[in-house]
Amino acid sequence: QISVIYGYYKASFNDKRIKRFKKNGITFYQVPELPYPKMFPILKLRMPMRRNLAQQVKNIIHKEKPDRIFLHGYSFPFVDQLAQICTELKLDYFVTIHGWPVQQKRSNLLIKISWTLYGLYLNKILTNAKKIICVSNYLRTLIPQEYRNKALVIPNGIDQSKLTDVTNIYNVREKYGLTPSDLLI
């Protein structure tokens, strides 16, 4: 059985309940995140779950008794909260990192300081993770040295050897009489 708990960033101030539904045999729990300020759209994926829902999520995880817990993302408050709940319940979790905060450390002083302080909290997530999954070898080199021994690389799910050469199937340039120098968009 598979259960998915995810943050719902389109939440409004009226969305105060976790929605449970099933689709294709998978149970989904849609947890409203705090509404993001519309003037800062970058925050729409950076908001935490509502404080009063954290205990409900903890109860759901406890009730589901998962064999494996996979958290996707790093430096997303919602994922950070899930990691904290897993730690409190003494459950192992794997965290998949899709990117690393490089730009934030090159920004203005306020962002650098904020990111440094937040990084102290984030290190606990890496410390408590059973395994850290990086989507590239390069990304693995960016994580702090002390975590690399439990980091492994699993690329983003595309097995390029299984792809066929589409130029053999359908050659657009030939069909429309285009030369190699013609721009295709």
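Residues numbered from 1 in each chain as written. Predicted model: local features only at pLDDT ≥ 70, side-chain atom pairs only at ≥ 80, totals over all residues. Heavy atoms only, no water.

(A) Expanded view of the packing of helix 2 (residues 77–88) against helix 3 (residues 109–128). Between helix 2 and helix 3, whose axes approach to 10 Å, the crossing angle comes to 50 degrees. When the axis of helix 2 is compared with that of helix 3, the two are oblique. Judged by the sense of rotation from one axis to the other, the crossing of helix 2 with helix 3 is left-handed. Here helix 2 contributes Pro77, Asp80, Ala83, Gln84 and Thr87 to the contact with helix 3, which in turn contributes Tyr118, Tyr121, Leu122, Ile125 and Asn128. (Axes fitted to C-alpha atoms, helices over the stretch in contact; angles between N-to-C directions. Helix = DSSP H or I, 4+ residues; strand = E, 2+ residues; numbered from the N terminus. Parallel < 35°, antiparallel > 145°, perpendicular 65-115°, else oblique. Left-handed = near helix turned anticlockwise from the far one by under 90°. Contact = heavy atoms within 4.5 Å.)

(B) Representation of empty space enclosed by the protein within the structure. Per the stated rule, a full pass over the model turns up 1 cavity of 30 Å³ or more. As for the largest cavity, its lining consists of Asp80, Ala83, Gln84, Thr87, Tyr93, Tyr121, Lys124, Ile125 and Asn128. Counting residues per element, the ones that place at least two in the lining of the largest cavity are helix 2 and helix 3. Looking at the lining of the largest cavity residue by residue, the classes come out as 4 nonpolar, 3 polar and 2 charged. (1 Å grid on protein atoms, 1.4 Å probe; cavity = no way out; pocket = protein on both sides within 12 Å on 5 of 7 lines; lining within 4 Å. Points joined across faces, edges and corners; volume = space filled by probe spheres on them. Nonpolar A, V, L, I, M, F, W, Y, C, P; charged D, E, K, R; others polar.)

(C) Region of interest: the pairing of strand 5 (residues 94–97). Residues Phe94 and Thr96 line one face of strand 5 and the alternating positions Val95 and Ile97 line the opposite face, and both faces are buried. The pairing of strand 4 (residues 70–72) with strand 5 spans 3 bridges and is parallel. Residue Phe70 lies in a different strand from strand 5, and its bridge partner there is Phe94. As for the winding sense of the linkage, the β-α-β connection from strand 4 through helix 2 to strand 5 is right-handed. The pairing of strand 5 with strand 6 (residues 131–134) spans 4 bridges and is parallel. Paired with Phe94 across the strands is Lys131, a residue of strand 6. (Buried < 20%, exposed > 50% of the residue type's maximum accessible area, 1.4 Å probe, protein only. Pairing = 2+ DSSP bridges. Right-handed = clockwise from strand over helix to strand, strands pointing away.)

(D) Structural detail: unusual backbone geometry. For Lys65, which is not glycine, the phi torsion reads 45 degrees and is therefore positive. Taking relative accessible area as the criterion, Lys65 reaches 60% and is therefore assigned exposed. Even without being glycine, Lys90 reaches a positive phi, approximately 60 degrees. Considering the arrangement of structural elements, one finds Lys90 in the loop between helix 2 and strand 5. Exposure remark for Lys90: the relative accessible area of 74% places this residue in the exposed category.

(E) Spatial organisation of the layout of surface pockets. Empty space within the largest pocket amounts to approximately 760 Å³. The wall of the largest pocket is formed by 27 residues, among which Ser3, Val4, Ile5, Ile69 and Phe70 lie closest to the centre. Among the secondary structure elements, those contributing two or more residues to the lining of the largest pocket are strand 1 (2–8), helix 1 (51–64), strand 4 and helix 2. When residues of the lining of the largest pocket are assigned to their parent elements, the largest contribution, 6 residues, is made by strand 1. Per-class residue counts for the lining of the largest pocket are 17 nonpolar, 5 polar and 5 charged.

Keep in mind that these numbers describe shape and distance, not what the molecule does.
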